[in-house]
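# Survey of secondary and tertiary structure
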Amino acid sequence: MDSPRLAVIGLGYVGLPLVQEATRRGLRVTGFDVSNAVVDGLNGGHSHVDDISDESVAAMLATGFSASTSPAVLRDADVVVICVPTPLADDRGPDLEAVRAAAAAVRDHLVPGQLVVLESTTYPGTTEEVLIPILEESGLEVGRDINVAFSPERIDPGNDTYTLRNTPKVVGGFTPACTQRAEEFYSLVVDTVVVAKGLKEAELTKLLENTYRHVNIALVNELSQFCHLLGIDLWDAIRCAATKPFGFAPFTPGPGVGGHCIPIDPNYLSHRVRTHLGQPFRFVELAQEVNAAMPDYVARRAQDLLNDVSRSIRGSRVGLLGITYKANISDQRESPARDVATALIRLGADVSFHDPLVADWKLPSAEVRRVPTLAEAIAGSDLVILLQAHSEYLDPALAWDTTPVLDTRGVLRGSAVAHL
Ligand code: SAJ
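Here the residue index of a chain counts from 1 through its sequence in written order. Selection of residues for local features in this predicted model requires a pLDDT of at least 70, selection of side-chain atom pairs for listing and counting requires 80 or more, and totals for whole chains, interfaces and linings are taken over all residues. Values reported for side chains reflect all heavy atoms of the structure, with hydrogen atoms and water molecules removed beforehand.

Further remarks concern the site of the ligand. Contacts to the ligand come from 17 residues, most closely from Asp-156, Asn-210, Arg-213, Thr-252 and Tyr-325. Whenever a nitrogen or oxygen atom comes within 3.5 Å of another N or O atom, the pair is scored as a polar contact, on the condition that within protein one atom can donate a hydrogen and the other can accept it, and that pairs from neighbouring residues in sequence are kept only if both atoms are in side chains. Contacts to the ligand include Gly-258, whose backbone N or O atom sits 2.9 Å from an oxygen atom. Think of it this way: one heavy atom of a residue within 4 Å of a molecule or strand is enough to make that residue near it.

Let us now look at the sheet that holds strand β2 (residues 29–32). Read across the sheet, 8 strands follow the order β3-β2-β1-β4-β5-β6-β7-β8 without closing on themselves; strand pairing throughout is mixed. The open sheet has two edge strands with one neighbour each: β3 (66–68) and β8 (193–195). Geometrically, the sheet is characterised by an average inter-axis angle of 25° between neighbouring strands, direction not taken into account. Where strand β5 (residues 115–118) meets strand β6 (residues 147–150), 4 bridges bridge the pair, whose relative direction is parallel. The partner of Val-116 across the bridge, within β6, is Val-148. Helix-sheet contacts for helix α1 (residues 15–24) involve β1 (6–9), β2 and β4 (79–82), and the interaxial angle to β1 is about 165°. Note on pairing: DSSP must find at least two bridges between two strands before they are called paired. The helix count covers DSSP runs of H or I at least four residues long, the strand count covers runs of E at least two residues long, and both are numbered beginning at the N terminus. Between N-to-C directions, angles span 0 to 180 degrees; the directions come from axes that are lines fitted to C-alpha atoms, helices contributing only their stretch in contact. Residue contacts are counted whenever heavy atoms from the two residues lie within 4.5 Å of one another.

Residue exposure (1.4 Å probe, protein chains only): buried if accessible area is under 20% of the type maximum, exposed if over 50%, otherwise partly exposed. Burial of strand β7 (residues 169–173) is extensive: 5 of the 5 residues sit out of reach of the surface. By the alternation rule, side chains of β7 split into Lys-169, Val-171 and Gly-173 and Val-170 and Gly-172, which are all buried. In terms of strand pairing, β6 meets β7 through 2 bridges, oriented antiparallel. Note on β7: the bridge partner recorded for Ala-149 is Gly-173. As judged from the 3 bridges shared by β7 and β8, these two strands associate in the parallel manner. Bridge pairing in β8 places Val-170 opposite Val-194. We call a crossover right-handed when, viewed with both strands directed away from the observer, the connection leading from the first strand over the helix to the second proceeds clockwise. On the question of chirality, the crossover connecting β7 to the parallel β8 by way of helix α6 (residues 176–187) is right-handed.

Before going further, it helps to examine the side chain of Lys-206. Its place among the elements puts Lys-206 in helix α7 (residues 199–230). Setting aside residues no more than four positions away along its own chain, Lys-206 makes contact with Thr-121, Pro-152, Glu-153 and Asp-265.

Look at helix α4 (residues 97–108): 17 Å from first C-alpha to last across 12 residues, which is about the 16 Å you get at 1.5 Å a residue. All of the buried residues in α4 are Val-99, Ala-102, Ala-103, Ala-104, Ala-105 and Val-106. Expected helix span is taken as 1.5 Å per residue step, with the number of steps being one fewer than the number of residues.

To continue, consider the nonpolar core. Ranked by size, the top nonpolar core spans 38 residues in total, and within it Ile-9, Leu-74, Ile-82, Val-106, Leu-135 and Val-148 carry the most contacts. Breaking this core down by element, the ones donating at least two residues are β1, β4, α4, β5, α5 (126–136), β6, α7 and α9 (265–277). Residue contacts for Leu-135: discarding those within four places in its chain leaves Ala-103, Val-106, Arg-107, Leu-110, Val-116, Leu-140, Ile-146 and Val-148. Definition used in this section: a nonpolar core is a set of buried Ala, Val, Leu, Ile, Met, Phe, Trp, Tyr and Cys residues joined via side-chain atoms within 4.5 Å. Leu-18, Cys-83, Val-171 and Val-189 belong to the second-largest nonpolar core, a separate cluster that totals 34 residues.

Let us now look at the pattern of salt bridges. Salt bridges are identified by distance alone: a Lys or Arg side-chain nitrogen within 4 Å of an Asp or Glu carboxyl oxygen. For the structure shown, the criterion picks out 24 salt bridges. Residue Glu-209 pairs with Arg-154 through a salt bridge whose shortest N-O separation is 2.3 Å. With a gap of 55 residues between them, Glu-209 in helix α7 and Arg-154 in the loop between β6 and β7 connect regions that are remote in the sequence. On the basis of relative accessible area, Arg-154 is assigned to the partly exposed category, the value being 28%. In this structure, Arg-346 and Asp-296 form a salt bridge, with 3.3 Å as the shortest nitrogen-oxygen distance. Taken as a pair, Arg-346 in helix α12 (residues 337–346) and Asp-296 in helix α11 (residues 294–308) lie far apart in primary sequence, 50 residues in all. Salt bridges linked by common partners bring Glu-21, Arg-24, Arg-25, Arg-165 and Asp-191 together as one network.

This part takes up helix α10 (residues 282–292). Of the residues making up α10, those classed as buried are Val-284, Ala-287, Gln-288, Val-290 and Asn-291. The inward-facing, buried residues of α10 abut α7, α9 and α11.

This paragraph deals with unusual backbone geometry. The backbone phi angle of Arg-92 is positive, close to 65°, even though this residue is not glycine. Positionally, Arg-92 belongs in the loop between β4 and α4. Located in the positive-phi region is Glu-334, a residue other than glycine, with phi close to 55°. Taking relative accessible area as the criterion, Glu-334 reaches 40% and is therefore assigned partly exposed.

The domain architecture assigned to the protein chain consists of domain 1 (5–198) and domain 2 (294–420). The domain boundaries here were taken from an automatic or database domain assignment. Spacing between the C-alpha centres of domain 1 and domain 2 amounts to 40 Å.

Moving on, we get to the environment of Ala-98. Mapped onto the fold, Ala-98 is located in helix α4. Take Ala-98: its relative accessible area is 29%, and that puts it in the partly exposed class. Along the backbone, Ala-98 and Pro-152 are 54 residues apart, and their C-alpha atoms lie at a distance of 16 Å. If sequence neighbours within four positions are ignored, Ala-98 has contacts with Val-84 and Pro-85.

Attention shifts here to the packing of aromatic side chains. Two descriptors summarise a pair of aromatic rings, namely the distance from one centre to the other and the angle between the planes of the rings. Ring pairs are drawn from Phe, Tyr and Trp, using the six-membered ring of Trp, whenever the two centres fall within 6.5 Å, and their geometry is named by plane angle: stacked under 30 degrees, edge-to-face over 60, tilted for the rest. Summed over the entire model, instances satisfying the criterion amount to 3 aromatic pairs. Pairing Phe-185 with Tyr-186 gives two aromatic rings, centres 4.8 Å apart and planes at 65°, and the pair type is edge-to-face. Measuring from ring centre to ring centre gives 5.3 Å for Phe-353 and Trp-361, while their planes differ by 70°; the resulting arrangement is edge-to-face.

Here it is in structure tokens:
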């Protein structure tokens with residue numbers, strides 16, 4: 001039997017790796033995106049996704065892949081996978097506008113026999129309550145005329161070890177037949193497919209994975225504050241606990257939680273519980289509170305360290321090192337650096353930043369001076385705060401024994417270093 005023809009909706013950091021892997025496996029793939037810039041860029045052989053090179057895009061094009069802003073291309077596919085963003089809405093639930101728009105595009109070109117899969121991260125119930133009703137406006141019935149499934153995306157930008165291909169892919173369908181079709185399709189593209197009981201279980205899987213991280217990061221963030229007051233080196237205790245070969249996964253304190261997953265995904269869960277059950281999801285909301293308070297805590301610790309050298313924070317030069325959301329990537333989404341800088345400026349500090357991966361950093365409410373080299377950042381500050389452990393800062397030749405340093409990642413050693 002011929003391989004199914006695949007159409008991917010949303011050609012970003014989730015959709016494009018799916019195109020890449022499917023074309024590598026010999027599938028005929030078409031891409032649909034609402035952005036002319038994305039479509040023209042890809043058809044011109046250019047990648048806008050960090051982990052995918054222009055050469056990889058050329059290889060996709062060589063297999064016959066093309067991108068289009070016309071949803072009519074969807075009708076030629078056997079399988080349509082929706083990989084559009086679900087950002088946080090003002091009510092702290094998912095903004096499903098992109099999902100609704102994609103569903104309408106699929107509806108308008110729906111063909112009997114197609115399999116439609118949603119990969120966008122969202123609350124349990126979305127596929128059944130939002131996607132399927134829109135698709136059935138076509139007159140086609142899910143389970144009878146077409147198949148529908150959910151499969152959470154597990155793309156980890158910058159992770160060279162775990163890629164789409166070797167990361168187990170969870171699938172859950174509206175009916176057992178839907179599940180089976182999704183399992184058959186993804187088995188052509190990834191090494192391992194995991195079959196969930198149904199749509200909601202597949203939707204919950206991703207939220208469980210990332211809420212687990214969020215809650216455990218909040219645990220060590222709150223513990224770091226107590227340990228500082230109790231004179232306990234939490235970082236050393238985490239190092240020791242991590243030697244336990246079972247029953248413990250190490251998480252480390254930080255200046256706050258950034259990125260497009262961890263600070264966002266748990267909201268979908270607490271939003272669903274609150275709107276459907278009228279109850280707070282206390283673990284998630286407490287974790288949110290603890291993690292969101294870390295930037296202010298970092299500013300208070302900076303104030304204390306300057307106080308220790310008889311300097312007021314007002315007028316002191318504070319240099320931030322690493323303003324992305326995690327080490328060794330350039331992504332600034334939801335980075336806690338923004339709130340740290342804002343809190344320091346509010347206390348009267350003269351804030352600058354150094355980041356080897358960021359040339360330009362705009363704060364909504366203030367300009368923060370960029371310092372071109374690490375040496376200048378250290379020499380030109382009364383206090384430096386390491387926010388992300390970029391490799392440049394871990395150079396063993398660096399002594400960290402002059403300007404006071406607040407190390408929020410527990411990675412520096414030196415006589416001037418204080419840990420969070
Ligand atoms: N963070 C801490 N302490 C920790 C771990 C993380 O403060 O112990 C902070 C980071 O500095 C960052 C934020 O939390 O600001 C998120 O870090 P992350 O390591 O969770 O990285 P993300 O946001 O890129 O999460 C993604 C997720 N992948 C998907 O959702 C597909 C997550 O499930 C992965 O486990 C994670 O990558 C990973 O392991 O890198």
